[in-house]
Amino acid sequence: MSQSRRRYSVNSLEGQRGTLRATKQGLHGDIGIRDRIHHFTWAWFTLTMSTGGIGLLLARTPHRFTGLNTLGLVVFILDIVLYVLLCAGIATRFILFRKAFVSSLQHPTESLFFPTFWISMVNIFSNIQEYGVPKTGYWLVIVMRVLFWTYLALTFLVAVGQYLFLFTGKQLTLQAFTPAWILPIFPIMLTGTLGSLIAPSQPPQYALPIIIAGVAFQGLGILVATYMYGIYLSRLMTSGLPRPDARPGMFVAVGPPSFTGLALLGLSQDLARIYPAYSTVSGISHPEIIADIFRIIALSTAIFLWATALWFFSIALVSVLYGVFTKGMPFHLVWWAFVFPNVGFTLCTINIGNALMSEGILWLGSVMTVLLVTTWLFVGVMHARAVWKKEILWPGKDEDHDQ
């Protein structure tokens, strides 16, 4: 066996296909809509996770043209429509197949994509803040505040529950590790990003708790991700790269440092409105510098986290290109990892450019935006093609492959 062949892992959670239990009818292409719906998994929410991210990116990109706001609004509305359709699709699966809901949350592969349902939800909330709050009354500000705290509570339960299952369920090996193991902490981590978006529109007495919660749970997310990075790098060193069709999932590692830098910069922007006019910190003799100190720390942290994200991005990009040119890379829903983690990377770049008042960095953010929108369109076309050609939503070819 050659060295190059030995260095490809066949056990990554996104890529493994296990022992396929496809039916005779499935092998001959003779199955109906009901059977295809049986394989409608949580991983489909990677579609709306990415589409919502593109909507937010279009609202925040620095170099704008007439109609860009409208284009972003159209993407946001499309995201809502897709989210409703996906919810209807997966609900239909669980109604038709009564045991599918429990098994989907217990399956070692499919369950890892359950957080994409919640990430899609927080993207909708973020877009409501960007496109809705400026054009409506104070009532929506109140709604956003309620949604923030409700989302925080629910996603904290998801983070605890899913990792408890991973700790107590089927034993997993180092060779099976992929960045998808980070996904259960993503929804609660993104409360920091959501908080950075909604805090500026909130009155100070409500904005301060949101900022504190945002910093706290953004910290939880990046720390858990950092612990996972050690396992991830050990797995790459000992077992080599994942299978080529699983390598898009390597971009998931770009997300935590990117969204953490984004959240810290966003949360620090609003502190000058709160300190010292509304509140202060005990033991500080000059409370007027609280906001400035936090802003400097946030910017410094965001810059070195941006470099970390760049390194993970580069490793993932080179690995994907190497797999494409040597082995080929059939479509799987994990392809949407090309988009969403890099939304955070692009937004972090834009926020750093704004903080440093650097036109060069802002133009870099605009170029990244164009490339990411192009990637989103490409993956969307390939997604539709894969459904048509029965490469997904088919027995043995989805994340529930061994059910």
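Each remark here, short or long, concerns the structure printed above.
Bear in mind that the values here come from a model prediction, so they are computed numbers and not experimental data.

Draft legend 1. Structural view of the environment of Ala386. Considering the arrangement of structural elements, one finds Ala386 in helix 15 (residues 359-388). For the pair Ala386 and His332, spaced 54 residues apart in the sequence, the C-alpha separation amounts to 8.1 Å. Dropping the residues within four chain positions of it, Ala386 is found in contact with Phe331, Glu391 and Ile392.

Draft legend 2. Structural detail: the environment of Leu264. Structurally, Leu264 can be placed in helix 12 (residues 255-269). When the C-alpha atoms of Leu264 and Asn351 are compared, they prove to be 9.9 Å apart, with 87 residues separating the residues in sequence. Setting aside anything within four residues of it in sequence, one finds Leu264 in contact with Phe294, Ala298 and Thr301.

Draft legend 3. Region of the structure containing the side chain of Gln162. Relative to the elements of secondary structure, Gln162 occurs in helix 8 (residues 138-168). For Gln162, the residues in contact, after removing those within four places along its chain, are Ser111, Leu112, Phe114, Pro115 and Pro184.

Draft legend 4. A look at the nonpolar core. In terms of nonpolar packing, the biggest core is built from 117 residues, with Trp42, Ile54, Phe186, Phe331, Trp335 and Phe338 touching the most fellow members. At 12 residues, helix 11 (residues 204-239) tops the list of elements feeding residues into this core. Sequence-distant contacts of Ile54, that is, excluding residues within four places in its chain, are made with Val75, Val339, Val343, Leu372, Val373 and Trp376.

Draft legend 5. Representation of helix 14 (residues 340-356). The terminal C-alpha atoms of helix 14 lie 25 Å apart, and with 17 residues this matches the ideal 24 Å at 1.5 Å per residue to within 8%. Directly after helix 14, the chain includes Met357, whose backbone phi takes a positive value near 55°.

What counts and what doesn't
Residues numbered from 1 in each chain as written. Predicted model: local features only at pLDDT ≥ 70, side-chain atom pairs only at ≥ 80, totals over all residues. Heavy atoms only, no water. Helix = DSSP H or I, 4+ residues; strand = E, 2+ residues; numbered from the N terminus. Contact = heavy atoms within 4.5 Å. Core = buried A, V, L, I, M, F, W, Y, C linked by side-chain atoms within 4.5 Å. Buried < 20%, exposed > 50% of the residue type's maximum accessible area, 1.4 Å probe, protein only. Expected span 1.5 Å × (residues − 1).

Structural measurements only, silent on function.
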